[in-house]
Number of protein chains: 2
Amino acid sequence: MLKRYLLAPGPTPVPPEVLLSMAKPLIHHRSPDFVPVLDSAKKGLKWLYQTTNDVLILCSTGTGGMVGAVNNFFNRGDRVLVVNGGKFGERWSKICQAYGLEVDEIVVEWGYAVKPEVIEEKLRKDQSIKGVFIQACETSTGVYHDIETIGKIVKNYENALFIVDAISALVAHDLKTDEWGIDIMVGGSQKGLMLPPGLAFVSVSEKAWNRNETSKMPRFYFNFKRERENLAKNQTNFTSPVSLIIGLNEALKMLQKEGLENIFKRHALLAYATREAVKEIGLSLYSKESPSNSVTAVESPPGIDGQLIYKTLRERYSVTAAGGQDKAKGKIFRLAHLGYADTFDVITGIAALEMTLKSLGVPVTFGKGVAKAQELLL
Amino acid sequence: MLKRYLLAPGPTPVPPEVLLSMAKPLIHHRSPDFVPVLDSAKKGLKWLYQTTNDVLILCSTGTGGMVGAVNNFFNRGDRVLVVNGGKFGERWSKICQAYGLEVDEIVVEWGYAVKPEVIEEKLRKDQSIKGVFIQACETSTGVYHDIETIGKIVKNYENALFIVDAISALVAHDLKTDEWGIDIMVGGSQKGLMLPPGLAFVSVSEKAWNRNETSKMPRFYFNFKRERENLAKNQTNFTSPVSLIIGLNEALKMLQKEGLENIFKRHALLAYATREAVKEIGLSLYSKESPSNSVTAVESPPGIDGQLIYKTLRERYSVTAAGGQDKAKGKIFRLAHLGYADTFDVITGIAALEMTLKSLGVPVTFGKGVAKAQELLL
């Protein structure tokens, strides 16, 4: 009997209550049975996003939401800023370029957060900039960018929309959509929201809706205006992914029971305990500043391939964490504490890590990291 | 206790075995756990599609697959033929127009099938036509277009791709993708494949892949070339909708056990019995020719609103069928026999229909339609 532990930054574990809710017989998406489900999920998302605007629900992975954020609000040739501090920052650039935007990339060293003043300077110098694209949590490096400060900067520039990929940060981080001036924020189901992959969520501010009127790029599947009109009637533009939305509703109810403040505290504590335990083992964090509450990126010890740690965790202990991506591949591994995660997920991850390192010949004292986590999670 | 019966042309009922397979704990999409699942689903889809080409698996509704079929193979200004004989034919036109194609619409009266010779004549007269778009089953009218004959016509025109929306026909109709020269065929999960909504499937011929090289429209989420490359490695381009693909694999195994020939015979028989039973009750079919095996569209009796039949079925008997769409709204109702459907789904539908009509004051003899269905389904 080898029990499976999923500690990857998405897909994350889905609570059995949610899994079983999605195993109910199908209902029809244009029937009155479905109206209260979608209505309730809609309200729950507004609560989670801390916004008074409806949050669109799309049938796609998070990347579909990112694409929609580009091709519903811009035109070919528009100048935009992209913060690229990892694999997902790079994805913003690739999407913007695929749609013919003129991208000014702020390249941030992997493991570091962008300096808000760099963004401010760029915006001040070039008032033609139409948007600032960023990740809240850059999943590939485990770094959290200072969305609050940047949001308050971008707000002052009438021409610029602030577009945040919060796919891996949503639920783990307090993101005040309206208060901080986030114009478009993209989420995904398979992260903090404790669901299987298949849904993307997008909030849209009034400033962004006004911009939508001027955007003439071809679109059909990700047509946000149509989605908005349908959502107002508790429908989606095309066939609703009913099972996933039933699950969404269940997951949101669980989160609402916990309360926003508690959710963010829990994630902050799990992340803190993970970081301190990892350091106690003698390892270094890959995120040199502003580590996220979603996922902890850890440097592999000298001479040890990070992918080998990831593989040993999985093959020997049935713990699925994550390795490094692109230029971080082999150098790091990542432990998530996102969504349906508690004290003993951290303990399991740290204990499995100690055992993995020992079996790879790294000198570790069993229980040292675990004890640190216990102390902090008490 | 009011048991629910889902007799709509999508979403269709999902077998409990499939629902429970999707309720298993999540696995990671880039882990070795997932490779055999995707590999097996991939093989199953090739079998179902009767093609030697890989069938792409997209995380979207069927409409996402339709959009991809347009923006991966065409360029702005390309001339295309669209067969518009209902709401979904109209959707092809709208998608093509949204992407700037020049659409020549063959408008077919609702309830009728396109005449293949009309397509042949158009192609002969204008060899610049780059594609022919059609539905296999036009869900809104219950009509099946003669895909075999049209495929064999389009095959002779080097310039033209043959693109079939088989979303509601797949599984219910024998569609020989390769043999009939179907270049692109789009399917969806929530119809004959007995799954919740959330997946689209697209087969692509070599002729279409060659065309893909010349198509320069912006694309990122529905990038078929990237999906093809990933699928060859048993991956998807972005996060795989793992739970739905696990369900897909289960559904395909059930279908494979039944065998292609039996599946098509079953659907043909259920559809035939439904039609004859409806006529026995004294009603007329809305599909004046070539009725599909997926869904039966029935004219409501004089003086009775079709939507009222649909509503009474649902509210009084908990049978969810479908009403009419757009110009057929109020004039018809539709009973599906698609996917996870057998003899007693037809009997239930017909019995509920008899009871509904009686309660609406239509003179019916109880059991007359049911007896006809029994006789044919024996």
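Residues numbered from 1 in each chain as written. Chains lettered and ligands numbered in written order. Predicted model: local features only at pLDDT ≥ 70, side-chain atom pairs only at ≥ 80, totals over all residues.

### Side note on the relation of the copies chain B and chain A
Piece 1. With an RMSD of 0.0 Å, the operation that places chain B on chain A is a rotation of 180 degrees combined with a shift of 0.0 Å along the axis. The superposition of one copy onto the other is thereby described by a two-fold rotation axis. The rotation axis passes nearest to the C-alpha of B:Ser60 in chain B, at a distance of 2.5 Å.
Piece 2. Of all interface residues in chain B, 100% are interface residues in chain A too; the two copies therefore contact each other through one and the same surface. (Least-squares fit on C-alpha atoms with pLDDT ≥ 70 in both. Contact = placed C-beta atoms within 7 Å.)

### Section: the interface of chain B and chain A
Piece 1. Counting residues at the interface gives 43 residues for chain B and 43 residues for chain A.
Piece 2. Among the elements of the structure, helix 1 (16-22), helix 3 (62-71), helix 4 (87-98) and helix 9 (242-258) of chain B are those that each provide at least two residues to the side of chain B that touches chain A.
Piece 3. For the side of chain B that touches chain A, a count of residues per class yields 25 nonpolar, 15 polar and three charged. (Helix = DSSP H or I, 4+ residues; strand = E, 2+ residues; numbered from the N terminus. Nonpolar A, V, L, I, M, F, W, Y, C, P; charged D, E, K, R; others polar.)

### Considerations on helix 2 (residues 35-49) of chain B
Residues and elements named next belong to chain B.
Piece 1. Given a rise of 1.5 Å per residue, 15 residues ought to cover 21 Å, and the 21 Å separating the end C-alpha atoms of helix 2 matches this to within 8%.
Piece 2. Of the positions making up helix 2, those classed as buried are Leu 38, Ala 41, Lys 42, Gly 44, Leu 45, Leu 48 and Tyr 49. The buried residues of helix 2 occupy an angular sector of 165 degrees when projected down its axis, which confines them to one face.
Piece 3. With its phi angle positive at about 55 degrees, Gln 50 sits one or two positions after the end of helix 2. (Expected span 1.5 Å × (residues − 1). Buried ≥ 20, exposed ≤ 12 C-beta atoms within 10 Å, placed from the backbone. Arc of directions from axis to C-beta.)

### Observations regarding the environment of B:Pro25
Piece 1. Following the sequence through the fold, B:Pro25 ends up in the loop between helix 1 and helix 2.
Piece 2. For B:Pro25, a count of 13 C-beta atoms within 10 Å puts it in the partly exposed group.

### Description of the environment of B:Lys42
Residues and elements named next belong to chain B.
Piece 1. Looking at the element boundaries, Lys 42 is found in helix 2.
Piece 2. Accessibility expressed as a C-beta count within 10 Å gives 21 for Lys 42, which makes it buried.
Piece 3. A C-alpha to C-alpha distance of 8.5 Å links Lys 42 and Asn 249, two positions 207 residues apart in sequence.
Piece 4. Setting aside residues up to four positions removed in sequence, Lys 42 forms contacts with Asp 54 and Leu 231.

### Observations concerning the sheet that holds strand 8 (residues 161-165) of chain A
Two strands in a sheet stick together by hydrogen bonds in their backbones, pointing the same way (parallel) or opposite ways (antiparallel).
All names here are of chain A.
Piece 1. One open sheet holds the seven strands; their spatial order is 2-10-9-8-5-3-4, and the pairing between them is mixed. Whereas interior strands pair on both sides, the edge strands pair on one side only; in this sheet they are strand 2 (55-59) and strand 4 (102-107). Taking the axes of each pair of neighbouring strands and ignoring which way they run, one obtains an average angle of 20 degrees across the sheet.
Piece 2. Pairing of strand 3 (residues 79-84) with strand 5 (residues 131-135) involves three bridges; the strand directions are parallel. (Pairing = 2+ DSSP bridges. Axes fitted to C-alpha atoms, helices over the stretch in contact; angles between N-to-C directions.)

### What about the domain arrangement of chain A?
All names here are of chain A.
Piece 1. Domain parsing of chain A yields domain 1 (5-10 + 259-377) and domain 2 (16-257).
Piece 2. The interface is formed by 25 residues belonging to domain 1 together with 25 residues belonging to domain 2.
Piece 3. Only helix 10 (260-281) and strand 11 (295-299) provide two or more residues apiece to the side of domain 1 that touches domain 2.
Piece 4. Split by residue class, the side of domain 1 that touches domain 2 holds ten nonpolar, ten polar and five charged. (Domains from an automatic or database assignment.)

### Some words on the sheet that holds strand 8 (residues 161-165) of chain B
Residues and elements named next belong to chain B.
Piece 1. Spatially, 2-10-9-8-5-3-4 is the arrangement adopted by the seven strands of the open sheet, whose pairing is mixed. Unpaired on one side and paired on the other, strand 2 (55-59) and strand 4 (102-107) mark the two borders of the sheet. For this sheet, the mean angle separating the axes of adjacent strands, direction not counted, is 20 degrees.
Piece 2. Looking at chain direction, strand 3 (residues 79-84) and strand 4 are connected through six bridges and run parallel. Opposite Val 82, over in strand 4, you have Glu 105 as the bridge partner.

### Here we look at the pairing of strand 9 (residues 184-188) of chain A
All names here are of chain A.
Piece 1. Most of strand 9 is tucked away: five of the five residues are buried.
Piece 2. Burial along strand 9 is two-sided: Ile 184, Val 186 and Gly 188 facing one way and Met 185 and Gly 187 facing the other are all buried.
Piece 3. By the bridge criterion, five bridges tie strand 9 to strand 10 (residues 199-204) in an arrangement that is antiparallel. Paired with Val 186 across the strands is Val 202, a residue of strand 10.

### Here we look at the pairing of strand 11 (residues 295-299) of chain B
All names here are of chain B.
Piece 1. Where burial is concerned, most of strand 11 is hidden: four out of the five residues are buried.
Piece 2. Strand direction decides the pairing type here: strand 11 and strand 13 (residues 332-336), joined by five bridges, are antiparallel. Residue pairing across strands places Glu 299 opposite Ile 332, the latter belonging to strand 13.

### Considerations on the packing of helix 10 (residues 260-281) of chain B against helix 13 (residues 368-377) of chain B
Residue and element names in this part refer to chain B.
Piece 1. Contact geometry of helix 10 with helix 13 gives a least axis separation of 8 Å together with a crossing angle of 150 degrees. When the interaxial angle is binned, helix 10 and helix 13 end up roughly antiparallel. Crossing handedness for the pair helix 10 and helix 13: right-handed. Facing helix 10, whose interface residues are Leu 269, Tyr 272, Ala 273, Glu 276, Ala 277, Val 278, Glu 280 and Ile 281, helix 13 presents Lys 368, Gly 369, Val 370, Lys 372, Ala 373, Leu 376 and Leu 377. (Parallel < 35°, antiparallel > 145°, perpendicular 65-115°, else oblique. Left-handed = near helix turned anticlockwise from the far one by under 90°.)

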